[in-house]
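# Close look at the chain arrangement
So you can see what is in the structure, the chains are spelled out below.
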Amino acid sequence: MTGPLRVTTLDPLPDRADWDRLRDGGSYYSALPWLRCSSRMTGGPVGAVEVREGDRVVAVAPYWITTGRENPWRTPTKVLAPVALSGDRFLIAGTSTGYVSEVPAVDAEYRRRAVPLIIDALQKQAADHGVDGCLALYARTELVEEYRRILPDRTPVLLDAEAVQPVPATFDAYPAGVSAARRRRVRAEWRRFEQAGYALGVERLADCRDEFVPLYRQLERRHGTELDTDELHRVLSEMARTCGDADRVFTARRAGRLVAACLCYVDGRQLIARMFAVDYSATADAFEYFGVTYYLPMRYAIAHGYRWLSLGTGTFGPKLARGAVLHPLWAVDLSPTPLWAGGAASAENLRRLDDYDVRPTQWADPPRWQS
């Protein structure tokens, strides 16, 4: 028998919270350590709506308030410019340093019961903060459906997709869902990387942060972004201090020198790839990116019984070619009055799907709301 649910708004976040058991529909990006780290990294307000049944937490919805200093792909008016979203400040259901909007819960039924209360609480917080609107960014389809059950007139906007690889029982079965020829190419890449003379390992960010910073900065400069060394060091130091229990850095070293690395996070069910760093002047042209971002993490995930390897958003081609499937990620209008027109949202969804050029079988849950 279930009891009544009650809502508490945590603003600011507490030092401790009992969210570990909320395994359904969440990731490490919705864990309290990551949320606290996000607030310190960005300097912006981060909170959460907590739903309890008696003394037990049954669902939680993290949120943040925009500051105008966000990455462009987390700035609502930029990512939603095609539907003419206007305003300066917004309350966002999701995380400010991850492309996710989640409502971790005990199970799907508790989430269903909690979502109406969460929407009410988010709208109240938006009003209290005096923002221009309330929306979710980068929500998976199943959560969008729950939001639309309460707000059926809102048309979501397709923003991106998360590439996820199911973890097989053995590395011999990897990658699944690709042709035999593609599997042979993947195996050839792994052998070339494995035989390139690197010392391969799994380290903690706190132990290799000082080496990681210049490699990551070098990579970003190669892609046209100039990062401040001191700020990058500060951010990675905060990540190592606050989230060090969950980080794993997959490394390739030569004569002790770090050549390539991928920072990942674990939450007991999945491994999430976050940051790749490399010194291209020292590589052996041996598929180092795939080695430390795909192949070493996959072997680790198999050995530790994880179910998924998340490869994040964007650059679908290499991910799909190595057996990933895509989960569409949506923007959902949660404001009391609509922020954008449904027709404009449908047209944008059609345009984005045409740009993605992804086969229907490569979607874990086929996109909708484009007509």
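Look up a bit, the structure's there.
Presented here is an overview of the structure given in this document. In this text, all values refer to a predicted model and were calculated from it rather than measured experimentally. (Residues numbered from 1 in each chain as written. Predicted model: local features only at pLDDT ≥ 70, side-chain atom pairs only at ≥ 80, totals over all residues. Heavy atoms only, no water.)

### Observations regarding the overall build of the protein chain
Put simply, the test is: Each helix is a run of H or I in the DSSP string that is no shorter than four residues. Each strand is a run of E no shorter than two, and both are numbered from the N terminus. Here's how the labels work: a residue is buried when its accessible area is under 20% of the maximum for its type, exposed when over 50%, partly exposed in between, all with a 1.4 Å probe on protein chains only. Any two residues having at least one pair of non-hydrogen atoms within 4.5 Å are treated as being in contact. Per-residue and other accessible areas follow the Shrake-Rupley method at a 1.4 Å probe size, with only the shown protein chains counted as cover for residues. As used throughout, the charge tally considers Lys and Arg to be positive and Asp and Glu to be negative, leaving His and the chain termini uncounted. Where a charge sits is defined by one atom per residue type, namely NZ (Lys), CZ (Arg), CG (Asp) or CD (Glu).
Helix and strand content of the protein chain: ten helices and twelve strands. Counting over 371 residues, the protein chain shows a buried share of 57%. In the protein chain, of all internal contacts separated by at least 6 residues, the share reaching a separation of at least 24 is 76%. Carbon and sulfur atoms form 50% of the exposed surface of the protein chain, whose accessible area is close to 16,000 Å². The averaged location of the 47 negative side-chain charges in the protein chain is 4 Å from the averaged location of its 48 positive side-chain charges.

### Describing the state of the cysteines
In plain terms, the rule: Put simply, a disulfide is two cysteine sulfurs that come within 2.5 Å.
Under the criterion given, the structure shown has zero disulfides. Free cysteine C243: the closest other cysteine sulfur is in C37, separated by 4.2 Å. The exposure class assigned to C243 is buried, which follows from its relative accessible area of 1%. With no disulfide of its own, C262 has C264 as its nearest cysteine by sulfur position, at a separation of 3.8 Å. Relative accessible area serves as the criterion here: at 1%, C262 is assigned to the buried category.

### What to know about the nonpolar core
To keep it simple, the criterion reads: Here, nonpolar core refers to any group of buried Ala, Val, Leu, Ile, Met, Phe, Trp, Tyr and Cys residues whose side-chain atoms link them within 4.5 Å.
By size, the foremost hydrophobic cluster in this structure holds 105 residues, and its most contacted members are Y147 and M239. Excluding anything up to four places from it in sequence, M239 contacts W34, C37, M41, L205, G244, L263, Y265, R274 and M275. Counting residues in hydrophobic clusters, the runner-up holds 27 residues, among them A48, L329, W340 and A345.

### Some details on the pattern of salt bridges
Here is the rule: The term salt bridge refers to a pairing of a side-chain nitrogen on Lys or Arg with a carboxyl oxygen on Asp or Glu at a separation within 4 Å.
For the structure on display, the rule yields 27 salt bridges. R140 is paired through a salt bridge with E162; the nearest N and O atoms lie 2.9 Å apart. In this pair, R140 sits in strand β5 (residues 134-140) while E162 sits in strand β6 (residues 157-166), placing the two residues 22 residues apart along the sequence. Ionic pairing is found between R149 and E146, a salt bridge with its closest N-O pair at 3.1 Å. In this pair, R149 and E146 both sit in helix α4 (residues 141-150), three residues apart, roughly one turn of the helix.

### A closer look at the sheet that holds strand β3 (residues 56-65)
Basically, it comes down to this: When DSSP finds at least two bridges between two strands, those strands are taken to pair. Fitting a line to C-alpha atoms yields each axis, with helices limited to the stretch in contact; the angle taken between N-to-C directions then spans 0 to 180 degrees.
The mixed open sheet is built from twelve strands, whose spatial order is β1-β2-β3-β4-β5-β12-β6-β11-β10-β9-β8-β7. The strands lining the two open edges of the sheet, one partner per strand, are β1 (5-10) and β7 (199-203). Strand after strand, the sheet turns through a mean of 25° between neighbouring axes, direction not considered.

### So, the pairing of strand β8 (residues 247-254)
Most of β8 sits inside the fold, with seven of its eight residues counted as buried. Across five bridges, β7 lies against β8 in antiparallel orientation. Bridge pairing links E203 to V249 in β8. Alignment of β8 against strand β9 (residues 257-266), held across eight bridges, turns out to be antiparallel. Bridged to T251 within β9 is A261. Between β8 and β9, which follow one another and run antiparallel, lie two residues, and A255 among them has a positive phi close to 55°.

### Remarks on the packing of aromatic side chains
Test applied: The criterion for an aromatic pair is that two Phe, Tyr or Trp rings (for Trp, the six-membered ring) have centres within 6.5 Å, with stacked assigned to planes under 30 degrees apart, edge-to-face to planes over 60 apart and tilted to the rest. We count a charge as sitting over a ring when the NZ of a lysine or the CZ of an arginine lies within 6 Å of the ring centre and within 35 degrees of the ring normal.
A complete count under the given rule lists 22 aromatic pairs for this structure. Their ring planes at 50° and their centres at 6.0 Å tell us that W190 and F193 sit as a pair that is tilted. Of the two residues, W190 and F193 both sit in helix α5 (residues 180-194), three residues apart, roughly one turn of that helix. Pair check on accessibility: W190 and F193 agree, each one buried. Each member of the aromatic cluster is reached from another via a ring pair, and the members are F171, Y174, W190, F193, Y198, F276, Y289, F290, Y294 and Y295. The side chain of R299 reaches across the aromatic face of F171, ending 4.8 Å from its centre. The side chain of R322 reaches across the aromatic face of Y294, ending 5.9 Å from its centre.

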